[in-house]
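Here is how the chains run, residue by residue.
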Amino acid sequence: MLWSLLSNEAMKRVFAFVGFSSAITLIVLNAVDFNFVKFIFIPTVILLIVSLSVKNLRQGKVLPVTFGSMLFACLIFIFCMQANVLPQKSLDGETAYADFQIVDIETKSDDGYIYTVRTSSIDLPGAPQNIRLKVKSKAKIYADCYDNISGMLSFYSYAENGFDSFGDYGDGIYIRASLINYDVISNHNKPLNYYIIKLRLKIKEIIEDNLDGEKAGLALSIFTGDKRTLSENINDSFRVCGLSHMTAVSGLHISLICVFIYSVLKFLRTPNILSTVITLVILLIYSGVADYSKSVIRAGIMITVMLLSRLFNNKADTLNSLGFAVFIICLNPFAVTDASAVLTSSAVIGLSVIKPAFDEYIKPKNSMIKYFYDGLFTGASVLIAVFPAMWLFFGNVSILSIILNIIAVPVMQIALISVFLLCLFCGVPFLAFIPKSVASFSLGALIKITNFSREHFEFLYLDISDSIFGLSIAGILLLTGVSVLIFSKADVRIISFFIVVTLAVSTVLSVYSYNRNAYLTVSSNGAVIIYDKDSIVVIDADDKGDCYTLENIADHDIFDNALVLNSDNKESKITEILPNAQFLSDEEIIMSVCSHIKIECDGGILTASLSDKVFKIDDNYVTINGYRLYRNIYDRFSESGDITFIVSPDSELLKKEG
């Protein structure tokens, strides 16, 4: 009976089984060393053979579909590693002339520019050709996108796996380079993507011309996903409030734009076929404006399936559509390392699986109560669904999001549609005036809501980085899986109770662990910050990025001892963050400055000790027992995150986070 039920479910939602099985397998494969992939591949082959050989399992269809999807994921991962990643990583340390084109808008860094390029040739024997990479230049490259450029590049590897690359592997970028010199040859034969890039730049120009400062940066982030002009203060407020999903274009944004366009066309009595075609064309263009991110592609595929289903009078199954979209994305085996794609997919599962499970038991009748119930339990369902991804990618979660989504999502939707109309009618002032005013008001309201919430309720932004939360998540998923296998569905009441108890115990154990451990963080610009619950040492905090990282750490702690080494021209800002800071240079020898931490200087190299664990800190690296962590994170990793090492009292290196 059970196998019959599961078999029917597998055939009804075959793409859900295929997509989710492939994605979970790829997440595991990306997390382990490539040398260990065979220990996943071989058991998967054996399990698939067994599931096909045993009659009951074969007829049940669930296990063959699952193990077949897992095997597919293993094969595509191995192929991509062998065909693309390893050949490109062989360029590490090489210097050569290359012909290339800039294929995206540049990013400004503190010490230069970052360009995404595609090479047409690399002048090295056996070197891979036609590859995407990021090139760092100290000066601006005076060339248009898709102009032909010839230059000397110095290649370097910067990540061990997809998660370490902060999304670059998912974009097909496995190696980076520094530009030494270059020549430009104009190219008038531009591809279609060139005009998409120009459209993105035009939208940025329109937004910045019509909206002020922080509002313009927030509008650009909400409408296009471009956070380059988003202020640190707003970015931090949205993060603490659990509303970061609003500043990265995802399914919420895509579906809202498409529903708006489709509804307007239907209101104008446009035929179904024409309405669908126009909506899909705008969806394609908007996906390009949002830089074809993984979450945008996922949402675009789902909406395309649903629009086509409506065209043929069929009702699309949400989970099956999501599974199909996830399966397509998994054709790129590193797409699952993109946080936004995993978070948005998880959120859809929360809305389509967890929320309906709650509705079966406690759906209110009163319309007013129902509104608040839907808002509250929608937020809770999404939070439950994305919790594993938040632990995996960020190590923090905001309880505030459950409440704030009820207030902020409608405001964000008004802002998004207003910005869209502003860009559409910017050439007609009397038509653009109303959306401009509405956009300014709604964006201002979002900024005030998030700033107020961060200021007064930041204690609801919880640290879940401890490994005990990972074990809790595994236990919850295991219980859910066993419930499905035994009862063919999970009992939401039992699961909810288990979640509350497990997370409460995990929180207590995490607080206990925090009180016993020490931490080392390297900021996005290379500052080294060593701290425990009582004391902190800050080394080489020279710019606003370093102070921003320090502020995030100090927001949660009041340190009895604070020592700052080699900080240039930032004393006033650091003193604001650490009022009792002592400023010293590396010429002074410091011993026993903190409860865990000892610092001494010899020949320009700082040595920091936490119990018996020794960190050697020079211009380029932090070295921990032979492991090198690059100081210049922007070059080697990404500007989007810090690297943290957690060290126990017995000096064991417990965990590295990115």
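Fair warning: this is a prediction, and the values are worked out from it, not measured in the lab. (Residues numbered from 1 in each chain as written. Predicted model: local features only at pLDDT ≥ 70, side-chain atom pairs only at ≥ 80, totals over all residues. Heavy atoms only, no water.)

A few words on the overall build of the protein. When its secondary structure is counted, the protein shows 21 helices and 20 strands. Evaluated residue by residue, the protein yields a buried proportion of 49% over its 658 residues. Sequence-distant contacts, at least 24 apart, represent 65% of the contacts inside the protein between residues at least 6 apart. A total accessible area of about 31300 Å² is found for the protein, and carbon and sulfur atoms account for 62% of it. (Helix = DSSP H or I, 4+ residues; strand = E, 2+ residues; numbered from the N terminus. Buried < 20%, exposed > 50% of the residue type's maximum accessible area, 1.4 Å probe, protein only. Contact = heavy atoms within 4.5 Å. Areas by Shrake-Rupley, 256 points an atom, 1.4 Å probe, with all protein chains shown as cover.)

Attention now goes to the nonpolar core. By size, the foremost hydrophobic cluster in this structure holds 48 residues, and its most contacted members are I207, L218, F223 and I254. Every element with two or more residues in this core is listed here: α6 (192-210), α7 (213-224), α8 (232-240), α9 (251-267), α10 (272-289), α11 (294-311), α15 (400-424) and α16 (429-457). Top element by residues in this core is α15. It accounts for twelve residues. Look past the residues within four positions of I254 in its chain and what remains in contact with it is V249, L283, Y286, S287, V296, A299 and I303. L91, I105, L133 and I149 belong to the second-largest nonpolar core, a separate cluster that totals 26 residues. (Core = buried A, V, L, I, M, F, W, Y, C linked by side-chain atoms within 4.5 Å.)

What follows concerns helix α13 (residues 339-362). Between its terminal C-alpha atoms α13 stretches 32 Å, which fits the 34 Å expected from 24 residues at 1.5 Å a residue. At G350, α13 shows its largest bend, some 35°. (Expected span 1.5 Å × (residues − 1). Bend = angle between axes of the 7 residues up to and from the residue.)

Here the focus is the packing of aromatic side chains. Across all of its chains, the model carries 15 aromatic pairs by this definition. Judged by centre distance (6.3 Å) and plane angle (50°), the ring pair of F34 and F77 falls under tilted. With F34 in the loop between α2 (14-31) and α3 (38-53) and F77 in helix α5 (residues 62-89), the pair connects residues that are 43 residues apart, well separated along the chain. Taking relative accessible area as the criterion, F77 reaches 3% and is therefore assigned buried. Three or more aromatic residues link up through ring pairs in this structure, and these residues are F34, F77, Y169, Y174 and F334. (Phe/Tyr/Trp six-rings, centres within 6.5 Å; stacked < 30°, edge-to-face > 60°.)

With that out of the way, let us pick up the confidence of the model for the protein. Here the protein averages 78 in pLDDT, and 80% of its residues register 70 or above. Summarising per-element confidence for the protein, the mean pLDDT is lowest in strand β20 (residues 653-657) (42) and highest in strand β1 (residues 95-102) (92). pLDDT under 50 marks residues 1-6. Its contacts with residues more than four places away, or in other chains, come to eleven contacts. Confidence drops under a pLDDT of 50 for residues 633-643, and excluding neighbours within four residues, the segment shows 49 contacts in the predicted structure. (pLDDT = per-residue confidence, 0-100.)

This paragraph deals with the environment of K136. Structurally, K136 can be placed in strand β4 (residues 132-137). For the pair formed by K136 and T116, sequence separation is 20 residues and the distance between their alpha carbons is 9.0 Å.

A few words now on a nonpolar patch on the surface. A surface patch of nonpolar side chains, about 410 Å² in accessible area, is lined by L199, I273, V277, V281 and I285. Of the residues forming the nonpolar patch, the biggest block, four residues, is contributed by α10. Counting through the fold element by element, I273 comes out in helix α10. (Patch = residues over 30% accessible without salt bridge, like charges linked within 9 Å, V, L, I, M, F, W, Y side chains within 5 Å. Salt bridge = Lys/Arg side-chain N within 4 Å of Asp/Glu carboxyl O.)

Once that is clear, we can look at the packing of α6 against α7. Pairs of packed helices are described in terms of their axes, by the angle between the two and the distance that separates them. Running from N to C, α6 and α7 cross one another at 145°; their axes reach a closest spacing of 9 Å. Where α6 crosses over α7, the handedness of that crossing is right-handed. Two secondary-structure elements touch here, α6 through I203, K204, I207 and E208 and α7 through A216, A219, L220, F223 and T224. Classifying every residue of the contact of α6 with α7 by side-chain character gives six nonpolar, one polar and two charged. (Axes fitted to C-alpha atoms, helices over the stretch in contact; angles between N-to-C directions. Left-handed = near helix turned anticlockwise from the far one by under 90°. Nonpolar A, V, L, I, M, F, W, Y, C, P; charged D, E, K, R; others polar.)

This next bit is on the pattern of salt bridges. In a structure, side chains of opposite charge can pair up when their charged atoms sit close to one another. Scanning all chains against the criterion turns up eleven salt bridges. Linking R228 and D226 is a salt bridge whose minimum nitrogen-to-oxygen distance equals 2.9 Å. Given the relative accessible area of 36%, R228 is considered partly exposed. Put simply, R454 and D236 hold a salt bridge, and the shortest N to O gap is 2.5 Å.

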